[in-house]
Amino acid sequence: MRNKGEWDVAVVGGGHAGCEAALAAARLGMRTILFAINLDSIAMMPCNPNIGGTSKGHLVREIDALGGEMALNIDHTFIQSRMLNMSKGPAVYSLRAQADKRAYSSRMKRVLENEPNLALKQTEITEIEAVRDCGGEKGRITGVISESGGFYACKAVVLCTGTYMKARCLYGDVIVESGPNGLRASKRLSDSLRSLGISLLRFKTGTPARVDGKTIDFARMTVQNGDKDIKPFSFRTDPETIKRPQIPCYLTYTNEETHSVIRRNLDRSPLYSGVIKAAGARYCPSIEDKVVRFSDKPRHQVFIEPEGEDTDEMYISGMSTSLPEDVQEAMYRTLPGMEGCRILRNGYAIEYDCINASQLKLSLEFKAWSGLFSAGQINGSSGYEEAAAQGLMAGINAARLAQAKEPVIIKRSEGYIGVLIDDLATKGAAEPYRMMTSRAEYRLLLRQDNADLRLSEKGWEAGLVSQQRWALTQEKAARIHEEISRVRKVSLQPSKSLNRFLEENGSSPITSGAMLSDLIKRPELGYRQLQAFDELSPSLPEDVKEQVEILIKYEGYIKRQLAQVEQFRKIESRIIPRGLDYSSISGLRLEARQKLALMQPENLGQASRISGVTPADVSVLIVYLAAAYS
Amino acid sequence: MPLTDTIAAISTPLGRGGIGIVRISGSEALGILDKIFIPKGGRKPKSYSMRYGFAMDGQTVIDEVLASVMLGPNSYTTEDVVEINCHGGMRAVRSVLELALRSGARLAEPGEFTKRAFINGRIDLIQVEAVMELIDAKSRKAEESAARRLAGSLSRKISSVRERILTLQARIEVSIDYPEYEDEEIGSLEVRREAEAAMEDLKSLIACFERGRVFSEGLKVVIAGKPNVGKSSLLNALMNEDRAIVADIPGTTRDVLSEAASLAGVPVKLMDTAGLRTPEDAIESLGVGKSIEALEDSDLAIWVVDSSEALSEEDAEACAKLEGKKVIIVANKNDLPKAASMDELRTLIPEAPIVSVCAKDGLGLDGLESEISKMFLSGEAEMDDSEIYINARQRQSAAKALESLEKAARAAGEGQAVDLISIDLTDACDSLGEITGETAGDSLVDKIFKEFCVGK
């Protein structure tokens, strides 16, 4: 074993989690090294060619507010941008951008290269070195060993191995022992993890074929254009600087013929023949799954999305598959506009080793191994944004561990990142975990528009957000507050012009003075529209107006969620003493005892979210803790 | 550990029946029995058997008793449990309890046996509540219902309403989380329709609860009316005894008198109130205030008028206070010539039945009982077996759920965004979950994936 130097933080893997982890640690002053099996695959997007969407867009904004890179990277490399869900309520507006995959990847690589404290190294990490305490079950990380026998001593390791550990790709009867996109798999690292006593799971996901755009007749599909007004992901990006011509996507549908091709060949799919045993995601079903499980649906939507600006490759969203090559060809050719299509890359399913994330603390450090962190798909999540969010937090906390500081934890009431990590660490994942707005209890508070107001302070405290940026955010908050107080005092008198305006907007006219805030609350009206009738209305930046409008308009609902958060904080603040002997609490059901003993929750709130722990069990715990510690 | 001490209490209601039972639970229960009980013939009781003998305070015999032993973990609390059945009336029961306390037991808090059963894993929360009600059930019907709840019929009915709301919510969530899937879009009209349908389900369930409550808690009935129409006489007649002071002086009753009675087989809490009129002094004013409070809290108002006099301003004043209440009009003093116009009475509260009585002689009361029975038991003396009774906390949760559904339906009607409506639906589900012990969380996400075809 050759000594390859001493490092503060070593990051294993250069995907979306690895990039954020390495940048965060390096930016916090840590001597950081990032290992990738192939440096050309830095920030690669092996599946869908977009960033954001519902709840994922929220994650990207939160990453930005905390000082991460993903938002800036997509702002500079998008080829189409849309704000989704505009009619469904402000908390679920969701920004989604189509990415130029190559541009996205090379810009991120350049950012890594430019980071002073960060070294990049193309090699496979095959082993984790650790010293055990006397018991042997727990211990501390000392470094990592590469395929060539190099030993990199470090204080903390962040595992971001994505879908590479013991990966194999399958379609039809073809089985290739490789990672995504033909990249080499990591063959030995998961055995090293197992020897540390870490329990592993086997998950499966999949991707559709890429088709040559020259062989598609787009005229027979519905075109889907980007928004005229482009909102950037990053609070730091000036919208004026990222204007560009956008590239459209297309919508088409499967039909009975498609379904019958699939049904006839089901027995040739490794999913149905029993070759694939790993757990797949319900929210990301293959087209064969959709046809079988929802057999009464006459058609399914299919989105044709460009993979970049300088390529004809098109991603066939909605039709991921592991059917044999000939069936894939026949199936895609049944779609209107794709009768003569040529497949450039086959769709495939991929199986990989990941860990059971319930072995992690909320800091993403392993409970049993000090200094060992993990982030991204290795934790059982799926999606670029989920990976990046975890990578950022693991990077911050690895750096803080190296500096002997307390970890930074985002609570469920503070951000989607908090919901994501709490879900993974508290419940573990039985299938690949996707972020969804429905997983967030307080989503009206966790909007994508206020991620900066929610999280900049944490980013600043952690050291990733500059003093200047934090000051700007505080100033914004103050202006919002000031304007809301002013508006609350304004009353409008009935006038011809006001009442004409109200009637034109389908709103009932006023006969006596009305509070401006009450008018703003009417569903058909808003703060911006009524500014013309508010004589003292100051000129404010758009982002301030947006907050004023939302906070006044939805005041009632927001207050209710704030009250719920108060409740949540109460139960969350009831700490469970470390090492509590659950087997002695006889009121708990056996399953609850076992789960609690295994998970060792940090507080009552976390205990209540463990699967297999019922509300009655929590009541028993409350009574027990009150009796035993009063 | 606080849970391992031994507790004792009298486990039969005080003052009822000739036998009183002292129950002792905990690790010292058998030791205490040894100290205070001498079995006849010297043989100690085995688990799940009874022995005849004497409760002894040193050398003094206190009572002849039956002692039974139930060894843990097969007892109600899962601890060792001893029960001593005393025959000598309340004084003997109290003495035996004191004896047990002196011998090392601690006096149990109310419900502590059940709490121990709960903490020791013998029963769950809903069962705890059902047991509490069993102990407290005031009528046989409610007792049967409490027994059924243990088998889970309550949970099932609530769950089905909750399931309906959850389905609606899942549809909203899918439309939010998968905006690109046009098949899964849901409009506010449909949301409103579904929310209203769930409201109907819940309302009929709550109506069942309401009837159940009448049996388990008793119907709160306020006797109201202007002064000196015979309200207190009516109370006395219904009670068959003189509890209220009756005098011909208006304003005699200054406070709210409350008595338990049984009318038409329904347990009733009767409340006699000060006459509803503009008070003439400070004390009467207090009395009138209390009357109005009692009225607000009541299930039924019996409005008493004097049929021997023409209706007056004061009658109308009293009547105005009854707005929004279920009312039965009692035309009292029917032994005297009739002067009040029944037609006029009818127009004052059109939906209220009118019963003619003579409270002084107790005549016409059966008519009143049958109206009460009609109003609260739908005319049936026996209720359907599937009726459900729930306790106050659970009823409150159901009412909260209904309120949330109303908000959701209203917001949908105003064209509010579906995301905001989902907040009310979540509240409704949570409130119903409080009754059954189910929590939303994963069940919603599971539903989304199970029932909707979405995903890349």
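Sequence order as written defines the numbering, with residues in each chain counted from 1. Written order determines the labels here, with chains lettered from A and ligands numbered from 1. Two thresholds apply to this predicted model, a pLDDT of at least 70 for residue-level local features and 80 or more for giving and counting side-chain atom pairs, whereas whole-chain, interface and lining totals are computed over all residues. Hydrogens and waters are ignored; side-chain quantities use all the structure's heavy atoms.

**Brief notes about the overall build of chain B**
A run of H or I in DSSP becomes a helix once it reaches four residues, and a run of E becomes a strand once it reaches two; helices and strands are each numbered from the N terminus. Scanning chain B from terminus to terminus reveals 15 helices and 13 strands. In what follows, residue pairs with any heavy atoms lying within 4.5 Å of each other are defined as contacts. Long-range pairs, those at least 24 residues apart, make up 67% of the contacts in chain B with a sequence separation of at least 6. Approximately 20500 Å² of chain B is accessible, and the part contributed by carbon and sulfur atoms is 51%. Note on areas: Shrake-Rupley with a 1.4 Å probe; residue coverage comes only from the protein chains shown.

**Examining the overall build of chain A**
Regarding its fold elements, chain A presents 21 helices and 24 strands. Computation of the radius of gyration draws on C-alpha atoms alone. For the globule rule, the value is 2.2 Å times the number of residues to the power 0.38. Against the compact-globule benchmark of 25 Å for 630 residues, chain A has a radius of gyration of 26 Å, which places it among compact chains. The principal-axis extent of the C-alpha atoms belonging to chain A is close to 85 × 75 × 55 Å. Considering only intrachain contacts with a sequence separation of at least 6, the fraction spanning at least 24 residues in chain A is 72%. Just so you have it, chain A exposes about 24400 Å², and 50% of that area is on carbon and sulfur atoms. Lys and Arg are tallied as positive, Asp and Glu as negative. Neither His nor the chain termini are counted. Where a charge lies is defined by one atom per residue type, namely NZ (Lys), CZ (Arg), CG (Asp) and CD (Glu). Taken as two groups, the 83 positive and 77 negative side-chain charges of chain A have centres that lie 2 Å from each other.

**Looking at the sheet that holds strand S12 (residues 200–207) of chain A**
All names here are of chain A. Reading across from one edge, S11-S10-S20-S12-S16 is the order of the five strands in this open sheet, with mixed pairing throughout. Only two strands of the sheet have a single partner each, and these edge strands are strand S11 (174–176) and strand S16 (279–280). Strands qualify as paired when DSSP identifies two bridges or more between them. In terms of strand pairing, strand S10 (residues 168–171) meets S11 through three bridges, oriented antiparallel. In the sheet register, Leu-170 faces S11, and the bridge partner there is Ile-175.

**Some details on the domain arrangement of chain A**
What fixes the domain bounds is an automatic or database domain assignment. According to the domain assignment, chain A consists of domain 1 (2–204 + 352–440), domain 2 (210–351), domain 3 (476–559) and domain 4 (574–629). Of note, the centres of domain 2 of chain A and domain 3 of chain A, computed from C-alpha atoms alone, are 44 Å apart.

**A word on the pattern of salt bridges**
Residue and element names in this part refer to chain A. Any Lys or Arg side-chain nitrogen found within 4 Å of a carboxyl oxygen on Asp or Glu counts as a salt bridge. Summed over the entire model, instances satisfying the criterion amount to 69 salt bridges over all chains. Salt-bridge contacts for Arg-609 lead to Asp-422; the nearest nitrogen and oxygen are separated by 2.6 Å. Note that Arg-609 is positioned in the loop between helix H20 (604–608) and helix H21 (615–629) and Asp-422 in helix H11 (residues 416–427), a separation of 187 residues in sequence. When a residue's accessible area, from a 1.4 Å probe over protein chains only, is under 20% of the maximum for its type it is buried; when over 50% it is exposed; and in between it is partly exposed. Overall, Arg-609 belongs to the buried group, its relative accessible area being 13%.

**Let's talk about the sheet that holds strand S19 (residues 343–345) of chain A**
Residues and elements named next belong to chain A. In space, the six strands of this open sheet follow the order S14-S15-S17-S18-S13-S19, with antiparallel pairing throughout. Two strands bound the open sheet, and with one partner strand each, they are strand S14 (222–224) and S19. When strand polarity is set aside, the average angle formed by the axes of neighbouring strands in this sheet is 35 degrees. The pairing of strand S13 (residues 210–212) with strand S18 (residues 313–317) spans three bridges and is classified as antiparallel. Considered in S18, the bridge of Val-211 is made with Met-314. A fitted line through C-alpha atoms represents every axis, and for helices the fit uses only the stretch in contact; the resulting angles, taken between N-to-C directions, go from 0 to 180 degrees.

**Description of helix H1 (residues 29–36) of chain B**
Inspection of H1 of chain B places Ala-29, Ile-32, Leu-33 and Ile-36 of chain B among the buried residues, and these make up the whole buried set. The buried side chains of H1 of chain B occupy one side of the element, clustering within an arc of 105 degrees when seen end-on. Taken from the helix axis, the directions to the C-beta atoms give the arc we talk about.

**A few points about helix H10 (residues 313–320) of chain B**
Residue and element names in this part refer to chain B. Among the residues of H10, Asp-315, Ala-318 and Cys-319 are the ones counted as buried. Angular distribution of buried residues about the axis of H10 spans 100 degrees; they occupy a single face of the element. Residues of H10 that are buried make contact with strand S11 (300–306) and helix H11 (342–348).

**Observations regarding the nonpolar core**
Judged by nonpolar contacts, the single largest core of 106 residues is most densely connected at Ile-128, Val-158, Leu-159 and Leu-372 of chain A. With 11 residues, the single largest contributor to this core is helix H10 (residues 384–402) of chain A. Among the domains, domain 1 (2–204 + 352–440) and domain 2 (210–351) of chain A are the pair contributing at least three residues each to this core. When sequence neighbours within four positions are dropped, the list of residues in contact with Leu-372 of chain A reads Ile-128, Ile-141, Val-157, Leu-159, Leu-196, Ile-198, Leu-364, Glu-365 and Phe-366 of chain A. In this text, buried Ala, Val, Leu, Ile, Met, Phe, Trp, Tyr and Cys residues form a nonpolar core when linked through side-chain atoms within 4.5 Å. Counting 44 residues, the second largest nonpolar core, distinct from the first, contains Ile-158, Val-191, Ala-195 and Leu-402 of chain B.

**A short note on the environment of Met-70 of chain A**
All names here are of chain A. You can see Met-70 is positioned in helix H3 (residues 70–75). Residues Met-70 and Ile-51, 19 residues apart in the sequence, show an inter-C-alpha distance of 8.9 Å. When sequence neighbours within four positions are dropped, the list of residues in contact with Met-70 reads His-16, Glu-20, Ile-51, Val-60, Ile-63, Tyr-104, Tyr-384, Glu-385 and Ala-388.

**Description of the pairing of strand S17 (residues 301–306) of chain A**
Residue and element names in this part refer to chain A. Counting buried positions along S17 gives six out of six residues, so the element sits mostly inside the fold. Neither face of S17 is exposed, since Gln-301, Phe-303 and Glu-305 on one face and Val-302, Ile-304 and Pro-306 on the opposite face are all buried. Relative to S17, strand S15 (residues 249–253) is paired through four bridges, and the arrangement is antiparallel. Paired with Tyr-253 across the bridge in S17 is Gln-301. Judged from the four bridges that link them, S17 and S18 form a sheet pairing that is antiparallel. When the bridges of S18 are listed, Phe-303 appears paired with Ser-317. Taken together, S17 and the strand that follows it, S18, pair antiparallel across an intervening segment of six residues.

**Thoughts on the packing of helix H13 (residues 467–489) of chain A against helix H17 (residues 542–553) of chain A**
All names here are of chain A. Contact geometry for H13 and H17: axes closest at 9 Å, N-to-C directions at 50 degrees. By the angle between their directions, the pair H13 and H17 is classed as oblique. In this structure, H13 crosses over H17, and the sense of that crossing is right-handed. Contacts between H13 and H17 involve Lys-476, Arg-479, Ile-480, Glu-483, Ile-484 and Val-487 on the former and, on the latter, Asp-543, Val-544, Gln-547, Val-548, Leu-551 and Ile-552. Here the nonpolar group is Ala, Val, Leu, Ile, Met, Phe, Trp, Tyr, Cys and Pro; Asp, Glu, Lys and Arg are the charged ones; every other residue, Gly included, is treated as polar. For the contact of H13 with H17, the class distribution of residues is seven nonpolar, one polar and four charged. Here is the rule for angles: anything less than 35 degrees is roughly parallel, anything more than 145 is roughly antiparallel, 65 through 115 is roughly perpendicular, and the remaining ranges are oblique. Whether a crossing is left-handed or right-handed is set by the direction in which the near helix is turned from the far one by less than a right angle, anticlockwise for left-handed and clockwise for right-handed.

**Remarks on the side chain of Glu-124 of chain A**
Residues and elements named next belong to chain A. For Glu-124, the location among the structural elements is in the loop between strand S6 (118–122) and strand S7 (125–132). In terms of polar contacts, Glu-124 uses its side chain to reach the backbone amide nitrogen of Lys-187, at 3.2 Å. Residues contacting Glu-124, with those up to four places away along its chain left out, are Ile-37, Ile-145, Ser-146, Glu-147, Arg-184, Ala-185, Ser-186, Lys-187 and Arg-188. In the analysis that follows, any N or O atom pair within 3.5 Å is treated as a polar contact, provided that within protein one partner can donate a hydrogen and the other can accept it, and provided that, for residues neighboring in sequence, both atoms belong to side chains.

**Concerning the packing of aromatic side chains**
A pair of Phe, Tyr and Trp rings is counted when the ring centres sit within 6.5 Å of each other, with Trp represented by its six-membered ring. The angle between the planes then sorts it: under 30 degrees is stacked, over 60 is edge-to-face, the rest tilted. Scanning all chains against the criterion turns up eight aromatic pairs over all chains. Residues Phe-218 of chain A and Tyr-250 of chain A carry aromatic rings whose centres are separated by 4.3 Å and whose planes lie at 25 degrees to one another, so their mutual orientation is stacked. Note that Phe-218 of chain A is positioned in the loop between S13 and S14 and Tyr-250 of chain A in strand S15, a separation of 32 residues in sequence. Residue class for Phe-218 of chain A comes out partly exposed when judged on its relative accessible area of 21%. A relative accessible area of 15% means that Tyr-250 of chain A is categorised as buried. Seen in terms of ring centroids, Phe-303 of chain A and Tyr-181 of chain B are 5.9 Å apart; in terms of plane orientation they differ by 80 degrees. Their pairing is edge-to-face.

**Section: unusual backbone geometry**
The general pattern is negative phi for most residues beyond glycine and trans for most peptide bonds. Going from Gly-72 of chain B to Pro-73 of chain B, the amide bond is cis rather than trans, its omega being 5 degrees. With respect to the helices and strands, the residue Pro-73 of chain B is situated in the loop between strand S5 (60–70) and strand S6 (81–86). The phi dihedral of Ala-43 of chain A is positive, around 50 degrees, even though this residue is not glycine. Relative to the elements of secondary structure, Ala-43 of chain A occurs in the loop between strand S2 (32–36) and strand S3 (50–52). By relative accessible area, which is 0% here, Ala-43 of chain A ends up buried. A positive phi angle, near 45 degrees, is found at Gln-600 of chain A, a position not held by glycine. Tracing the backbone through its elements, the reader meets Gln-600 of chain A in the loop between helix H19 (590–599) and H20.

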